[in-house]
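If you want the building blocks of each chain, they are given just below.
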Amino acid sequence: MENIVFLAFRRMRRPLLTLILAYAVATLGLTLIPGQDADGNLWRMDFFHAFYFISFTATTIGFGEIPYEFTDAQRLWVMISLYGLVVVWFYAIGNLLSLVQDRAFQQAVTERRFARRIRRLREPFHLVCGYGETGTALVQTLTERHQHAVVIDIDPDRVNALKLENLREYVPALHGDAARPIHLLEAGLEHPLCQGVVALTNVNEVNLKVAITSKLLHPDIKVICRADSHDIEENMRSFGTDYVVDPFDTFATHLAMALHAPGLYVLQEWLAGRHHQPLQEPVYPPREGHWIVCGYGRFGRAVYGRLRQEGLEPVVVEATPEITGTPQGEYVTGRGTEAVTLEQAGIDQAVGLVAGTDDDANNLSIIMTAQALNPELFIVARQNLQENQRIFQAVQAQVVMHPSSIIANHIRVLLGTPMLYQFMSLAMHQQDSWACELVSRITAVLEDELPEVWEQPVDEEEAWAVSQALTQGQVVTLGDLLRNPRQRERTLPCIPLLLLRDGSWVTLPGEEMPLRTDDRILFCGRLVANRRMSWTLQNEHALNYVLTGEARAQGWIWRRLQRGAAENGNG
Amino acid sequence: MNPEKVVFGFFIVLSLTLNFGFFVGEMDNPAHHHVYELFAVVVVNLIATVLKFGDRTQMGAVLLATSLVAVLQLLAAVLVWAWAEHIAGTGLTPVATASIVSLSGGAMLANVISVVLLVIETVMLRR
């Protein structure tokens, strides 16, 4: 704030001084030059009239010669001062305008306004540094779930793009360098409601700096960083960065999961997927046979490594192996967009193909060429840019992976429902059949949209009635919560996935499981279940009905009131 | 030597000296207080005020405050003068002159504070 005022004052000094001097000289001149009154007597203008005359002349208004007609000497002086004053005015106004348009000044004004807006935030928010592909996807998925985000990006165009974006929540954005602590502070790093910092810029050093700054200035919050190399990853972990996400590894793990555990893959897609998306059918990639990997950049290498771990021997197609390096196994030099290279790589006996270059046009071209050569192929496409979504839908690839949104979803889960992350980590150790069974259970409770996932704490704040009942020694089981508070014979369309009690985890807790205070349960299911269940959790009459099946006599008025409230609560 | 400081000091001292020149003389005698002197005092005080803009130090802030006080006092004096001379049409009566001069006296006090602060700052700088 002060900076701007001082800057403005400093810049205004010279024009103001010029104005004062010009006015003083012109006024003084008018009082000194002899004039005549109406009768032709010698008359000198006094300061009052001189200042009045100069005031309107300087702004080129011109009320005429007052109070008496001027002599020629006065007119000469007025001419000189008029031109001088007009020039001075233009100079002063021009200076002020250039100050307003000055980049530094505007940046200062924007930053100040931004910082004030952040200070006034009254809802928990996440600070997202870097609004590239991943940042965009993350902000989108956060706001879809009514979580708040604040964005910093170094590119003013991206910040403007954010303002045009049609997001569910208001997202304040600052054009600034996230590596500078002052910008992080302005964006609310020390704000008590700041829940987490996500560093997603494409420069590792900046992400590292953001992580260090955040851990030093606000140690309690969650810090999630993107890192492209294992060195940086180690470095970040060394000072307690909560999660480090490597986009290439994450993508490769995802792909590997699709290969060796399709059920688990579908489960993950469903639970961590985007909002209000239709359910996808599970896909079953061929687990043995000849695979081709196009592109051996950072992505290609990660994918290649994972495929080899799965026991496959993929052939790599890479245009510039001298730059990217060569794999241990077979490789073909070429882009993969022409039939010749694909044929060299053995497309005719191949079962699967990964189009994983960093160019969407090339990937699409590879897929179309390969489909022409071998229509039976299982195709995994890498989509780099969100804007190409439509054409990737049009090309008949079995799996389309958009690394940015995979990572964005991953981070969103870490930020919003960390229990889901834990659940997926535990699920990794299960058989694929376990996952398939769970998927079919989830399908049974869903209609045709992806499930909602939410965490439900059993405490006084979020579950008043239940925690009261538990302290009085009543037994409330998980199954009781799953009953519909309107009709207890029916169950709510949701499934408890994970229960956290005293730091230990129970995967897929059974219905007979008695609850305890401070349990935390992860549910997945339809949103309506969440709303109905909060009725059981918070209202003791609803809880009583669910437990015993009898509605207490509460008198006519009370019953009416409760019915009205129940309808509102469920609406 | 910083030329900016020279100009700064010059105008602060000049506003005090001119103010003093206008102030001395019999309180209610218009012949002792010339209107051109008042004009010069106002102009120099305005310049001194603008020169103090944009100084971030504590001293700069106090200097700006005293200057603003002086300018306000002088503008009040000018208004009294314009009222007596042109609007009321009574001319510079002893009463009007006395109030103009006393207002400029107040401005002079503010200017004295400015100069004292300037001297203090200079002395501290030498240490």
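Rules used in this analysis
- Here, residues in each chain are numbered from 1, in the same order as that chain's written sequence.
- Chains carry letters and ligands carry numbers; both start at the beginning, A for chains and 1 for ligands, and go up in the order they are written.
- At least 70 in pLDDT is required for a residue's local features to be given in this predicted model, at least 80 for side-chain atom pairs to be given and counted, and no such filter applies to totals for whole chains, interfaces and linings, which use all residues.
- In this description, a residue-residue contact is defined by the distance between C-beta atoms placed from the backbone, which must lie within 7 Å.
- Helical segments are the DSSP runs of H or I of at least four residues, strand segments are the runs of E of at least two, and each set is numbered from the N terminus.
- In the scheme used here, Gly and all other residues not listed as nonpolar or charged are polar, with Ala, Val, Leu, Ile, Met, Phe, Trp, Tyr, Cys and Pro taken as nonpolar and Asp, Glu, Lys and Arg as charged.
- Expected span of a helix: the number of residues minus one, times 1.5 Å.
- Note on burial: count the other C-beta atoms lying within 10 Å of the residue's C-beta; 20 or more is buried, 12 or fewer is exposed, in between is partly exposed, and C-beta positions come from the backbone.
- Strand pairing follows a simple DSSP-based rule, namely that at least 2 bridges must link the two strands.
- Lines fitted to C-alpha atoms define the axes here, with helix axes fitted over just the stretch in contact, and angles between the N-to-C directions of these axes take values from 0 to 180 degrees.
- As a per-residue measure, pLDDT tells how confident the predictor is, with possible values from 0 to 100.

Asker: Hey, could you go over the interface of chain B and chain A for me, with residue numbers and the actual values?
Answerer: With 13 residues of chain B at the contact, the number on the chain A side is 13 residues. If you list the elements that add at least two residues to the side of chain B that touches chain A, you get helix H2 (35–51) and helix H3 (58–87) of chain B. Here the side of chain B that touches chain A takes seven residues from H2 of chain B, the largest share from any one element. Its residues placed into classes, the side of chain B that touches chain A shows nine nonpolar, two polar and two charged.

Asker: Could you give me a rundown of helix H5 (residues 133–144) of chain A, with the residues and numbers involved?
Answerer: All names here are of chain A. With twelve residues, H5 extends 17 Å from end C-alpha to end C-alpha; this agrees with the ideal 16 Å at 1.5 Å per step. The buried count for H5 comes to ten of twelve residues, which makes it a mostly enclosed element. Those residues of H5 that are buried are in contact with strand S3 (125–129), strand S4 (148–153), strand S6 (194–199) and helix H17 (403–416). Where H5 terminates, the next one or two residues include His146, which has phi positive at roughly 60°.

Asker: Let's hear about the sheet that holds strand S15 (residues 452–457) of chain A: which residues, and what values?
Answerer: Residue and element names in this part refer to chain A. Read from one edge to the other, the open sheet built from four strands follows the order S15-S18-S16-S17, with strand pairing classed as antiparallel. This sheet does not close on itself; its edge strands, each paired only once, are S15 and strand S17 (504–507). This sheet shows a mean twist of 20° between the axes of neighbouring strands, independent of strand direction. Of the pairings in the sheet, the one linking strand S16 (residues 494–501) to S17 comprises four bridges and is antiparallel in character. Bridge assignment links Arg501 to a residue of S17, and that residue is Ser504. Relative to the sheet, helix H18 (residues 418–427) contacts S15, S16, S17 and strand S18 (520–525), its axis offset from that of S16 by approximately 95°.

Asker: Which residues make up the sheet that holds strand S9 (residues 290–294) of chain A, and what values do they have?
Answerer: Residues and elements named next belong to chain A. Read from one edge of the open sheet, six strands run S11-S10-S9-S12-S13-S14, paired in parallel fashion. The open sheet has two free edges, formed respectively by strand S11 (331–333) and strand S14 (399–401), since each of these has just one partner strand. Strand-to-strand, the axes of this sheet are offset by a mean angle of 15°, without reference to chain direction. Both strand S12 (residues 350–355) and strand S13 (residues 378–382) contribute to a ladder of four bridges, which runs parallel. Across the sheet, the residue bridging to Leu353 is Ile379, located in S13.

Asker: Would you mind going over the confidence of the model for chain A in detail, with residue names and values included?
Answerer: With 95% of its residues at a pLDDT of 70 or more, chain A has an overall mean of 85. The least confident element of chain A is helix H24 (residues 555–570) of chain A, whose mean pLDDT is 66; the most confident is S3 of chain A, at 93.

Asker: Can you explain unusual backbone geometry? Please cite residues and give values.
Answerer: Residue and element names in this part refer to chain A. Put simply, Ile66 and Pro67 share a cis peptide bond, and its omega is -10°. Tracing the backbone shows Pro67 in the loop between helix H2 (47–58) and helix H3 (72–101). In the Ramachandran plot, Leu508 falls in the positive-phi region, its phi being about 45° despite a non-glycine side chain. By the element assignment, Leu508 lies in the loop between S17 and S18.

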